[in-house]
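Summary of structural features
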Amino acid sequence: MNVLIISLIIVPIIANAFFIKGIKYSTIASGIAEVLISLLLLNKIPIVCYFYVTSFTWYFIIMVSSIYLLSALFSINYLKGERTKISERTYFLLLNFFASSMFFALVINNLGLMWVGIEATTISTILLVITEGTEIAMEVGWRYTIIVSAGVTFAFISIILVYYCTHSLVVSYLVMNHYSSLTLRIASAIALVGFGTKVGIFPVNTWLPDAHSEAPAPISAMFSGVLLPVALYVLYQFYKICSIFTLYSWIAVISIVIASISMASQVFFKRLFAYSTIENMNLALLGLASGQILGAVILLISHAFGKAGAFYSSGLLIKTYESKRIEEYGLWKNTFIPYSLLLSSLAVTGTPPFGTFIGEFLILSSLIEKCAIEFIIVLIALSTAFISVNYHVSKMTFKGERDSLNEDKSLGIISLISAIISLGIGIFIIAWWSL
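Everything quoted here is computed from the prediction, not taken from an experiment. (Residues numbered from 1 in each chain as written. Predicted model: local features only at pLDDT ≥ 70, side-chain atom pairs only at ≥ 80, totals over all residues. Heavy atoms only, no water.)

**Things to note about the overall build of the chain**
Helices and strands together make up the secondary structure of the chain, namely 17 helices and 2 strands. Relative to a compact globule of 435 residues, whose C-alpha radius of gyration would be 22 Å, the chain shows 20 Å and is just as compact. On the principal axes, the C-alpha backbone points of the chain span a range of 65 × 55 × 50 Å. For the chain, buried positions account for 61% of its 435 residues. Taking the contacts inside the chain whose residues are at least 6 apart along the sequence as the reference set, 80% of them involve residues at least 24 apart. In the structure as shown, the chain presents an accessible area of about 16,400 Å², 69% of it carried by carbon and sulfur atoms. When the 23 basic and 20 acidic side-chain charges of the chain are each reduced to a single mean position, those positions are 5 Å apart. (Helix = DSSP H or I, 4+ residues; strand = E, 2+ residues; numbered from the N terminus. Rg over C-alpha atoms; globule rule 2.2 N^0.38 Å. Buried < 20%, exposed > 50% of the residue type's maximum accessible area, 1.4 Å probe, protein only. Contact = heavy atoms within 4.5 Å. Areas by Shrake-Rupley, 256 points an atom, 1.4 Å probe, with all protein chains shown as cover. Lys, Arg positive; Asp, Glu negative; His and termini not counted. Charge placed at Lys NZ, Arg CZ, Asp CG, Glu CD.)

Set out below in structure tokens:
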């Protein structure tokens with residue numbers, strides 16, 4: 001077993017051992033360590049034993065460790081002065097378990113244990129969703145628990161069916177063999193519903209806008225930026241075992257269309273970004289199903305930083321102005337908020353030269369070769385989403401005469417850095433390809 005992989009899983013848990021004194025600082029140290037471990041892993045892959053780590057897995061590990069670190073940094077000042085249902089100590093303890101659960105789900109070489117990792121993310125985030133303790137947050141927490149728990153139950157059924165057909169749950173073995181039995185096709189379809197609940201496919205995505213809207217900003221960032229991609233990673237393993245392109249692709253297309261329509265009519269900016277997450281996750285699912293792995297990876301990584309920046313900016317807005325409604329803002333007098341919010345909205349809507357644009361371009365290019373009808377539908381939906389998000393954000397930024405308040409500069413810097421990273425990814429890829 002690789003020491004780096006074991007460290008990746010247990011470092012956040014070790015950070016919880018220091019909960020008596022300075023757990024928030026031990027969490028930051030854990031985040032830094034996770035980023036360093038992730039970088040060191042690059043020279044060790046592929047790893048195939050009790051763990052299964054490929055170059056594809058490595059990108060997800062980098063994604064999780066980076067957003068984990070940024071969210072830990074953001075949480076320190078974000079929680080100051082906030083009335084919360086849980087203590088700061090409990091918040092960071094759960095945040096660490098949340099990160100450890102995602103790392104475990106990514107690296108373990110067993111479908112059943114992957115399911116355990118995904119289920120552990122649900123257990124560790126229930127209290128994080130209701131951190132603010134409002135009545136709406138409590139209701140959303142119950143809804144999140146019920147819907148997602150039902151989803152992972154379906155996911156467990158799919159795992160049982162896989163084992164029934166193959167007598168194995170070892171991921172490295174299963175993905176190397178091609179199966180075509182009816183039972184495995186049923187298992188793959190059920191997995192789409194089960195793990196798709198966490199990914200955000202229609203119609204089992206109703207928890208997502210509510211949970212993202214009511215959860216604290218750094219938790220919303222981790223939900224959108226990394227939890228959904230981790231669930232998508234596990235779902236993709238099922239797709240590789242038994243691919244059903246027509247089903248996966250059309251479910252993704254329908255989900256993208258529904259999300260784009262929902263964005264046009266939003267009045268709350270956190271819900272706006274939540275529906276944007278649904279659109280991006282399903283576009284990545286479409287890319288993976290169509291075989292455009294590179295495009296999906298670029299989209300997911302760029303989206304992770306862009307969407308984290310969007311939710312960090314949203315949290316800073318709520319902390320500064322105490323309102324979630326789009327039309328109540330005029331932000332152009334502020335120092336960091338307008339820039340981070342604008343850059344983030346451009347990032348998550350696939351504006352060139354952001355990395356999301358490159359990912360979307362590659363996915364759409366592969367899609368037009370396989371199915372022109374789906375390509376046209378998705379192109380129209382993405383255009384609708386682009387106009388909706390940027391119209392709302394531009395209105396928030398430039399319209400109105402609201403005076404600037406004393407915004408937290410450190411939070412603004414973190415949100416701006418996150419959005420800039422998404423831009424940097426796109427510029428780096430373009431420069432690399434032009435060489």
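Having put the structure on the table, let's press on.
**Brief notes about the environment of leucine 272**
Position of leucine 272 relative to the elements: it lies in helix α12 (residues 269-289). In this structure the C-alpha to C-alpha distance between leucine 272 and histidine 392, which are 120 residues apart in sequence, comes to 8.7 Å.

**Things to note about the environment of isoleucine 62**
Note on placement: isoleucine 62 falls in helix α3 (residues 55-78). In this structure, the C-alpha to C-alpha distance between isoleucine 62 and valine 35, residues 27 residues apart in sequence, is 6.7 Å. Beyond its immediate sequence surroundings of up to four residues, isoleucine 62 is in contact with Ser38 and Leu39.

**Re the packing of aromatic side chains**
Using the criterion set out here, one finds 19 aromatic pairs in the structure. Summarising the aromatic geometry, the rings of tryptophan 115 and phenylalanine 156 are spaced 4.9 Å apart at their centres and angled 45° between planes, so their arrangement reads as tilted. Placement of the pair is tryptophan 115 in helix α5 (residues 111-129) and phenylalanine 156 in helix α6 (residues 135-166), with a sequence separation of 41 residues. Their ring planes at 85° and their centres at 6.2 Å tell us that tryptophan 207 and phenylalanine 223 sit as a pair that is edge-to-face. Of this pair, tryptophan 207 sits in helix α9 (residues 207-214) while phenylalanine 223 sits in helix α10 (residues 217-241), and the two are 16 residues apart along the sequence. Tryptophan 207 sits in the buried class, given a relative accessible area of 1%. Within the aromatic cluster, the residues linked to one another by ring pairs are Phe56, Phe60, Tyr233, Tyr236, Tyr239 and Tyr248. (Phe/Tyr/Trp six-rings, centres within 6.5 Å; stacked < 30°, edge-to-face > 60°.)

**What about the side chain of asparagine 282?**
Tracing the backbone shows asparagine 282 in helix α12. Using a relative accessible area of 0% as the deciding quantity, one classes asparagine 282 as buried.

**Focus on the packing of α6 against helix α8 (residues 182-199)**
Two numbers describe how α6 lies on α8: the axes approach to 7 Å, and their chain directions differ by 155°. Between α6 and α8, the angle falls in the class roughly antiparallel. Regarding α6 and α8, the two cross each other, and that crossing is left-handed. Split into classes, the residues belonging to the contact of α6 with α8 amount to 19 nonpolar, 6 polar and 1 charged. (Axes fitted to C-alpha atoms, helices over the stretch in contact; angles between N-to-C directions. Parallel < 35°, antiparallel > 145°, perpendicular 65-115°, else oblique. Left-handed = near helix turned anticlockwise from the far one by under 90°. Nonpolar A, V, L, I, M, F, W, Y, C, P; charged D, E, K, R; others polar.)

**Structural notes on unusual backbone geometry**
In the segment running from phenylalanine 202 into proline 203, the intervening peptide bond is cis, with an omega of 5°. Omega for the bond connecting proline 352 with proline 353 falls within 30 degrees of zero, at 5°, which places this linkage in the cis form. Examined against the element boundaries, proline 353 turns out to sit in the loop between α14 (337-348) and α15 (355-370). The phi dihedral of histidine 167 falls on the positive side, at around 55°, and the residue is not glycine. For histidine 167, the position within the fold is in the loop between α6 and α7 (171-174).

**A few points about the pattern of salt bridges**
A full pass over the atoms with the stated rule returns 4 salt bridges. Here arginine 143 ties to glutamate 139 by a salt bridge, and the two come within 2.5 Å at their closest N and O atoms. Here arginine 143 and its partner glutamate 139 are both found in helix α6, 4 residues apart, which amounts to about one turn of the helix. Classification of glutamate 139 by relative accessible area gives partly exposed; the value is 47%. A salt bridge links aspartate 210 to arginine 271; the shortest N-O distance between them is 2.7 Å. Taken as a pair, aspartate 210 in helix α9 and arginine 271 in helix α12 lie far apart in primary sequence, 61 residues in all. In this structure, aspartate 210 and arginine 271 share a single accessibility class: buried. By sharing partners, the salt bridges in this structure join Glu139, Arg143, Asp210 and Arg271 into a single network. (Salt bridge = Lys/Arg side-chain N within 4 Å of Asp/Glu carboxyl O.)

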